[in-house]
Amino acid sequence: MRFSSINLMAVALFLLAVPTVQAQAYRAPRAADGHADLNGIWEALNTANWDLEDHSPTPGTMWETGAIGAEPAGQSVIEGGTIPYLPAALEKKKANFANRRTNDPEAKCYMPGIPRANYMPYPFQIVQSPKGILFVYEYASSNRFVNMGKPQEAGSDTWMGTNNGRWEGDTLVIDVTGLNGLAWFDRAGDFGSDNLHVVERFTRTDRDHLQYEATIEDPKTFSRPWKISMPLYRRVEKNAQLLEFKCVEFAEELLYGQYKKK
Amino acid sequence: MQTVMIMKRRFLFAIAVAPVLLLAPVPGLAQQAAPAAAKKYTPPKTPWGDPDLQGIWPGNMGVPMQRPKTMGERTELTEEEYAKRVDQAQKASAADAVEVAPSDQRIGIGPPSYWTERGKPTRQASLIIDPPDGRLPPMTPEAKAIQAKTPAAWGGKANWVDDVNLYYRCVTRGALGSIIPVVYNNGNQILQAPGYVVIRNEMIHESRVIPLDRRPHVGSAIHEYLGDSRGHWEGNTLVIETTNFTDKTSIGSNGVAYNGEGGRNSEALRLIERLTRVDDNTINYQATVDDPQTWTKPWTILIPLKRDDKYQFLEYACHEGNYALKDILAGARAQEAEGKGSK
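Now for a look at the structure at hand. (Residues numbered from 1 in each chain as written. Chains lettered and ligands numbered in written order. Predicted model: local features only at pLDDT ≥ 70, side-chain atom pairs only at ≥ 80, totals over all residues.)

A few words now on the overall build of chain B. Check the secondary structure of chain B and you find five helices and 10 strands. Buried positions account for 37% of the 343 residues belonging to chain B. Pairs at least 24 residues apart make up 61% of the contacts formed inside chain B by residues separated by at least 6 positions. (Helix = DSSP H or I, 4+ residues; strand = E, 2+ residues; numbered from the N terminus. Buried ≥ 20, exposed ≤ 12 C-beta atoms within 10 Å, placed from the backbone. Contact = placed C-beta atoms within 7 Å.)

Of the regular secondary structure elements, chain A holds four helices and nine strands. Seen in sequence order, chain A has helices and strands lined up from the N terminus as α-β-α-α-β-β-β-β-β-β-β-β-α. Considered along the principal axes of its C-alpha atoms, chain A spans approximately 85 × 45 × 40 Å. The buried share among the 262 residues of chain A stands at 34%.

In a beta sheet, neighbouring strands are held together by backbone hydrogen bonds and run either parallel or antiparallel to one another. All names here are of chain A. Strands sit in the order β4-β3-β2-β1-β9-β8-β7-β6-β5 across an open sheet of nine strands; the sheet is antiparallel. Edge positions in the open sheet fall to β4 (143-146) and β5 (162-168), since each of these has one partner strand only. Averaged over all adjacent pairs, the angle separating strand axes in this sheet is 25°, with direction ignored. As judged from the nine bridges shared by strand β7 (residues 197-206) and strand β8 (residues 209-217), these two strands associate in the antiparallel manner. Paired with T203 across the strands is Q211, a residue of β8. (Pairing = 2+ DSSP bridges. Axes fitted to C-alpha atoms, helices over the stretch in contact; angles between N-to-C directions.)

Bringing the interface of chain A and chain B into the picture now. Many analyses report the size of an interface as the accessible area lost when the parts associate. Contact residues are listed per partner, giving 32 residues for chain A and 37 residues for chain B. Breaking the side of chain A that touches chain B down by element, the ones donating at least two residues are β2 (124-129), β3 (132-137) and α4 (248-256) of chain A. Here the residues of the side of chain A that touches chain B sort into 15 nonpolar, 10 polar and seven charged. (Nonpolar A, V, L, I, M, F, W, Y, C, P; charged D, E, K, R; others polar.)

Let us look at the sheet that holds strand β9 (residues 282-290) of chain B. Residue and element names in this part refer to chain B. Judged by pairing direction, the sheet is antiparallel, and its six strands sit side by side in the order β2-β10-β9-β8-β7-β6 without closing on themselves. At either end of the open sheet lies a strand with only one pairing partner, and these are β2 (128-130) and β6 (228-234). The average undirected angle you get between the axes of adjacent strands in this sheet is 25°.

The next subject is the pairing of β4 of chain A. If a strand is regular, its side chains alternate between the two faces of the sheet. All names here are of chain A. Here β4 shows a buried face lined by N143 and F145 and a second buried face lined by R144 and V146. Sheet topology note: the β3/β4 ladder contains four bridges and is antiparallel. Bridged to L134 within β4 is F145. Between the antiparallel neighbours β3 and β4 lie five residues, among them A140 with a positive phi of about 60°.

For the rest of this paragraph, the subject is the environment of A221 of chain B. By the secondary structure assignment, A221 of chain B is in the loop between β5 (206-211) and β6. The sequence separation of A221 of chain B and M203 of chain B amounts to 18 residues, and the corresponding C-alpha distance is 28 Å.

Our focus in this paragraph is the pairing of strand β8 (residues 270-279) of chain B. All names here are of chain B. Sheet topology note: the strand β7 (residues 237-243)/β8 ladder contains six bridges and is antiparallel. Across the sheet, residue E241 finds its bridge partner in β8, namely I272. One ladder, built from nine bridges, connects β8 with β9; its direction is antiparallel. Counted as the bridge partner of R270 is D290 from β9.

Spelled out as structure tokens, the structure:
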């Protein structure tokens, strides 16, 4: 194949242009539905599940396990740094914090709710099918199906919510309503009520990263909507797969131990 | 392994099929047996070319796991037996519609039982289609010994959670158990993406993400309630081979068995599932249980799954709302305390 000088110039210009274009606007490969392909196994790599806000390291509540049970330090994932609680809600958060060893729904192996499911220290898999998008979480076998068709109104309240998805360009936007308000946001006792409304945005920023954002609105609990954001990382191991973390058994002593025959 | 399907069973009765044909694939059998009846169905394809099994395919309650011994090798009910099954289903549905219990009725699951899914009666005699008598093959002596050591079917003993089965504890019904139809929340959803099939079960809430890339199983030290599944296509049939099971699950008529009942599998269990879409609205789900430490022969069940686009697949927050287990244990302790008091 022969190139004219004009073609060569065009190629050179294209090559020069590519890095800038990539830095500004990565174009994700397409999935079968024609939209950005978000299929994969993803996992957060931060301490948001310990505490969404800034936090120093502490010995934690499980002194029996020494440094293994200690809580690592971490920086806030919240825009503006702190959660804008209403006064009564802030008191409840403090009570949650004080009782977190036994009252955190994670300790009980309850479903994680949204947004917490996405930044627990377990991988999750996005299965982007032409019929809808399934989020499969390793933790507690929890999952949620995102309806990509005509939006559906929430029926009864649930842990994982009613999930209506849509595309804004290459960003998957999920509108989550019908949450039961029983899940916590982290091990520090942050929480929402059954009025909670979460709008999530998943954007693939390159081959191995998703940018995750969630706007959290709940006039019963917060003085204004607030936003968290963080990258999610692809599990790139060749043999990456979700394994089973059915934790009910691990929580039975905590939940029912007092009723055991002595 | 025999590939026995529901269509095939019809032909078995239409003509006397030579045993050699048992191993023939269904289309071949159909052509030889009854060309007129055998319309070859081609399932739709996904955009990337896999047979498309996607949709919601609820289980259909009403076929017993094992066939009554008196029926022998007959796989379908007679008209008379079928009429009886229809009548029973109608009576159950009528009972479900009752809103208020008579004052002398003991407390149970209703009324009202509007949440039940009684299913549409079929002529299938038993879920087990192999062995040909529709009954579980004999257990191995080792499995029998374990069964004898475990207290028989739960009769109220509740010293601790392990006196109650995994279903009551909201842990799981297992890979096969999760598809065996029960009286409510029978939803099964199948979703596909390139390289994957997901089988999602409503009851308890399970999602098995099955890779199709022929990767090896996880290491033998890893055990899972639902096992480690690998899938591949054989023509239009999805074949799933699952290993790495725990030995804690039991496969019973309700998807699980009570502790001490037959059905507890060993870690050697190898489950082979075959899913074939035989028409737009039917997937024949066939599963072979191969566990030589527990059963002396492999056995196979067939569950025709019917598509229901209107089925409402709900969140089954079983463990989160498990008051029953707490009450079973607390009740047992309260009874003991009463007993002590009266002495």
